[in-house]
Amino acid sequence: MEREEIVKILQGLVKKTQRLTLGERDSFEKSGMDSLDQLELCMHTEKQFSIVIEDAEVLSTENIGDLADIVLSKIG
């Protein structure tokens, strides 16, 4: 799976769960997402891609691009 495809899927998850449209580098925090929103997004991401995202990785994500990089590293 290509990184661009992962980004599009993640953007769809954000739109569905948070009712936000974010670019790849738009800050979660500046967009109004708090830590619980980010945790919810990561849980949906884990389910979507059948992966496990560690707590430290969740805390390191600032935007969709960061999350896409984590997903890509886990699915190879």
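For the structure itself, consult the block above.
Residues numbered from 1 in each chain as written. Predicted model: local features only at pLDDT ≥ 70, side-chain atom pairs only at ≥ 80, totals over all residues. Heavy atoms only, no water.

J.: So what exactly am I meant to see when it comes to the packing of helix H2 (residues 35-49) against helix H4 (residues 64-75) here?
T.: The geometry of a pair of packed helices is captured by two quantities: the angle between their axes and the separation between those axes. Taken N-terminus to C-terminus, the directions of H2 and H4 make an angle of 30°; their axes are 12 Å apart at the nearest point. Considering the angle they form, H2 stands roughly parallel to H4. In this structure, H2 meets H4 at a crossing whose hand is right-handed. Facing H2, whose interface residues are Leu41, Cys42, Thr45 and Phe49, H4 presents Leu67, Val71 and Ile75. (Axes fitted to C-alpha atoms, helices over the stretch in contact; angles between N-to-C directions. Helix = DSSP H or I, 4+ residues; strand = E, 2+ residues; numbered from the N terminus. Parallel < 35°, antiparallel > 145°, perpendicular 65-115°, else oblique. Left-handed = near helix turned anticlockwise from the far one by under 90°. Contact = heavy atoms within 4.5 Å.)

J.: Got a minute to help me understand the packing of helix H1 (residues 3-18) against H4 in this structure?
T.: Axis separation between H1 and H4 bottoms out at 9 Å; the angle between their running directions is 125°. Between H1 and H4, the angle falls in the class oblique. Like other packed secondary-structure pairs, H1 and H4 cross with a definite hand, here right-handed. On H4, the residues that touch Arg3, Ile6, Val7, Leu10, Gln11 and Val14 of H1 are Ile64, Gly65, Leu67, Ala68, Asp69, Val71, Leu72 and Ile75. A per-class count over the contact of H1 with H4 returns ten nonpolar, two polar and two charged. (Nonpolar A, V, L, I, M, F, W, Y, C, P; charged D, E, K, R; others polar.)

J.: Explain the environment of Phe28 to me, please; I cannot follow it from the model alone.
T.: Structurally, the position occupied by Phe28 is in the loop between H1 and H2. Owing to a relative accessible area of 1%, Phe28 belongs among the buried residues under this scheme. (Buried < 20%, exposed > 50% of the residue type's maximum accessible area, 1.4 Å probe, protein only.)

J.: Quick question: what am I supposed to make of the side chain of Gln18 here?
T.: Relative to the helices and strands, Gln18 resides in helix H1. A distance of 3.3 Å separates the side chain of Gln18 from the side chain of Glu40, its partner in a polar contact. (Polar contact = N/O pair within 3.5 Å; in protein donor to acceptor, adjacent residues only side chain to side chain.)

J.: Looking at this model, I keep getting lost on the pattern of salt bridges. Mind explaining?
T.: Opposite charge on two side chains makes pairing possible when the charged atoms of those side chains draw close. By the definition in use, this model includes five salt bridges. For Arg25, the salt bridge goes to Glu24, with nearest N and O atoms at 3.9 Å. Take Glu24: its relative accessible area is 28%, and that puts it in the partly exposed class. Between Arg25 and Asp66 there is a salt bridge; the shortest N-O distance is 3.5 Å. In this pair, Arg25 is assigned in the loop between H1 and H2 and Asp66 in helix H4, connecting sequence segments 41 residues apart. For Asp66, a relative accessible area of 21% puts it in the partly exposed group. (Salt bridge = Lys/Arg side-chain N within 4 Å of Asp/Glu carboxyl O.)

J.: Whenever I open this one, H4 confuses me. Can you help?
T.: Each α-helix winds once per 3.6 residues, and so residues spaced three or four apart point in a common direction. The terminal C-alpha atoms of H4 lie 16 Å apart, and with twelve residues this matches the ideal 16 Å at 1.5 Å per residue to within 8%. All of the buried residues in H4 are Ile64, Gly65, Leu67, Ala68, Ile70 and Val71. Buried positions along H4 lie against H1, H2 and helix H3 (55-60). Of the residues flanking the start of H4, the one acting as N-cap is Asn63, its side-chain oxygen 3.1 Å from the backbone nitrogen of Gly65. Gly76 sits one or two positions beyond H4 and adopts a positive phi of about 75°. (Expected span 1.5 Å × (residues − 1).)

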